[in-house]
Amino acid sequence: MAGNSYGTLFRLTTFGESHGEALGGIIDGCPAGMTIDLAAIQLEMQRRKPGQSTIVTQRKEEDEVQFLSGIFEGKTTGTPIGFIIPNTNQKSDDYSHIKDSYRPSHADYVYEKKYGIRDYRGGGRSSARETACRVVAGAIAKQVLCHIKINAFVSSVGDIFIDKPYQDLDFNLIESNAVRCPDLATAEKMENYIKEIRKEGDTVGGTITCVIQNVPIGLGEPVFDKLHAELGKAMLSINAVKGFEFGSGFCGAKMKGSEHNDLYNEDGSTRTNLSGGIQGGISNGMDIYFRVAFKPVATLIQKQEVLTNQSTIVEQQGKGRHDPCVVPRAVPIVEAMAALVLADFYLLNKTYL
Ligand SMILES: Cc1cc2nc3c(=O)[nH]c(=O)nc-3n(C[C@H](O)[C@H](O)[C@H](O)COP(=O)(O)O)c2cc1C
Ligand SMILES: C=C(O[C@@H]1CC(C(=O)O)=C[C@@H](OP(=O)(O)O)[C@H]1O)C(=O)O
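Please read these numbers as outputs of a predicted model, since none were measured by experiment.

(A) A look at the confidence of the model for the protein. Residues of the protein with pLDDT of at least 70 account for 100%, and the chain-wide mean is 98. Here the prediction assigns the complex a pTM of 0.99, and the interface score ipTM is 0.99.

(B) Structural detail: the site of ligand 2. In the vicinity of ligand 2 lie 14 residues, with His19, Arg48, Tyr95, Ala128 and Arg129 positioned nearest. For ligand 2, an oxygen atom lies 2.6 Å from a polar atom in the side chain of His19. Contact between ligand 2 and Arg321: an oxygen atom at 3.5 Å from a main-chain N or O atom of the residue. Burial of ligand 2 by the protein amounts to 94% of the accessible area it has alone, namely 460 Å². Of the residues that constitute the shell around ligand 2, the class distribution is 3 nonpolar, 6 polar and 5 charged.

(C) Summary view of the sheet that holds strand E1 (residues 5-6). The sheet built from 5 strands is open, its strands ordered E1-E2-E3-E7-E4 with antiparallel pairing. Looking at the sheet topology across the chains shown, the edges are occupied by E1 and strand E4 (66-67).

(D) Molecular detail of the UniProt feature "binding site: FMN" (unreviewed entry) in the protein. The residues that UniProt annotates with the feature "binding site: FMN" (unreviewed entry) are Arg125, Ser126, Ser127, Asn239, Ala240, Gly280, Lys295, Pro296, Val297, Ala298, Thr299 and Arg321. Taken together, the annotated residues stretch across 197 residues and extend over separate regions, lying up to 44.0 Å apart by C-alpha. When you line up the elements, Ala240 lands in the loop between helix H5 (227-236) and strand E12 (241-246). If near-sequence neighbours (up to four positions away) are discounted, Ala240 is found in contact with Ala293, Phe294 and Lys295. Mapped onto the fold, Thr299 is located in the loop between strand E15 (288-294) and strand E16 (303-308). Apart from residues no more than four positions distant in its own chain, Thr299 is found in contact with Arg103, His106, Thr203, Lys319 and His322. At a separation of 2.9 Å, a polar atom in the side chain of Thr299 contacts the side chain of Arg103.

(E) Layout of the nonpolar core. Phe10, Ile212, Phe290, Phe294 and Val334 are the most contacted members of the largest nonpolar core, which has 82 residues in total. Among all residues touching Val334, those that are not within four sequence positions of it are Ala152, Ile208, Cys210, Met235, Ile238, Phe290, Val292 and Phe294.

(F) Just the site of ligand 1, in detail. With respect to spatial proximity, 15 residues lie near ligand 1, and among them Ser126, Lys295, Thr299, His322 and Asp323 are the closest. For ligand 1, an oxygen atom lies 3.2 Å from a polar atom in the side chain of Asn239. Within the side chain of Lys295, a nitrogen or oxygen atom sits 2.7 Å from an oxygen atom of ligand 1. For ligand 1, whose accessible area on its own is 630 Å², the fraction buried by protein is 86%. When grouped by side-chain class, the residues that make up the shell around ligand 1 number 6 nonpolar, 5 polar and 4 charged.

Analysis parameters
- Residues numbered from 1 in each chain as written.
- Chains lettered and ligands numbered in written order.
- Predicted model: local features only at pLDDT ≥ 70, side-chain atom pairs only at ≥ 80, totals over all residues.
- Heavy atoms only, no water.
- pLDDT = per-residue confidence, 0-100.
- Near = heavy atom within 4 Å.
- Polar contact = N/O pair within 3.5 Å; in protein donor to acceptor, adjacent residues only side chain to side chain.
- Areas by Shrake-Rupley, 256 points an atom, 1.4 Å probe, with all protein chains shown as cover.
- Nonpolar A, V, L, I, M, F, W, Y, C, P; charged D, E, K, R; others polar.
- Pairing = 2+ DSSP bridges.
- Helix = DSSP H or I, 4+ residues; strand = E, 2+ residues; numbered from the N terminus.
- UniProt positions renumbered as here; feature names shortened; annotations may be inferred.
- Contact = heavy atoms within 4.5 Å.
- Core = buried A, V, L, I, M, F, W, Y, C linked by side-chain atoms within 4.5 Å.
- Buried < 20%, exposed > 50% of the residue type's maximum accessible area, 1.4 Å probe, protein only.

Quick look at the structure:
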């Protein structure tokens, strides 16, 4: 199985399945001599972990990271940082009914067809549990990028959305509610809606907006490794992601150039920022902002037609502990992937100096 590593200089490789012994990773290329704030890493893990509120999966994992190498007396040594996250609360019986069948719109069918064998327990490697490793690496990448601020938040759930520009939001409120929406009236509506949907055994999609501030000019490597191209790839590699747009995004396609151009101030900053902080694939020093669209979770606690490995269609009731909506827990994942992209470009840029 290829495709388990991300990054060029700051490079993460992950391993592990949702119902195996543990997940883990190796981070290669982290600069030596950095003091690592382990509490900050654990805080990010708390934001992502299952079982954290009543509107997410009720699997209970503490997700305490065990570092095996690369950190000595609290500092990075420049050698590979190896870590594991034990799995402690698997309920593999919840998956015995799909041993010989494939859930619609999950990864069961394609994994079995591609590899000829599938760890069906908890979705195996295709489970979003793998993203715990990304959050560990992202929390370290954030420490590499200590001057850059990365804030993601839930901007919509179903058709409930924040009706304000991000500049009018208080990012300190993101963690004040279970949904991770900084507009409190909207957060309450979203939370109630997710609870309703969960009662029906159904699921709902949503979007996350990410804002990155204090970015130096010059990150991104045209022509193929443009900053927005890498951000797009990183976001689209997250489970259940269906869309990515930055700056004016798809709305820009409806505008005239005279409306869309970001006119300069004398210091090189721009009066508007429909470019989303990136021009020609390179950061221009303005805020980078983008949106990520997540589909509704595939596993429903309802009867649905499924395909069996005998090529028959049968009715099956979904079982187990699933997220009714992924966006509240995906916020730290989006931030982590953004940090991995930026840390890689930041280190690459240093090689030019
Ligand atoms: C934070 C998060 C939690 C998720 N929780 C579930 C879940 O509980 N049940 C489920 O069926 N899918 C869940 N997913 C989505 C699946 O992992 C994903 O749909 C599956 O791997 C197939 O990949 P794809 O949707 O990207 O094609 C979750 C995704 C994320 C980002
Ligand atoms: C365990 C996590 O989320 C899981 C993601 C997931 C999926 O299909 O992606 C399915 C569920 O797995 P299980 O049935 O084993 O509880 C979620 O709980 C996690 O994020 O750590």
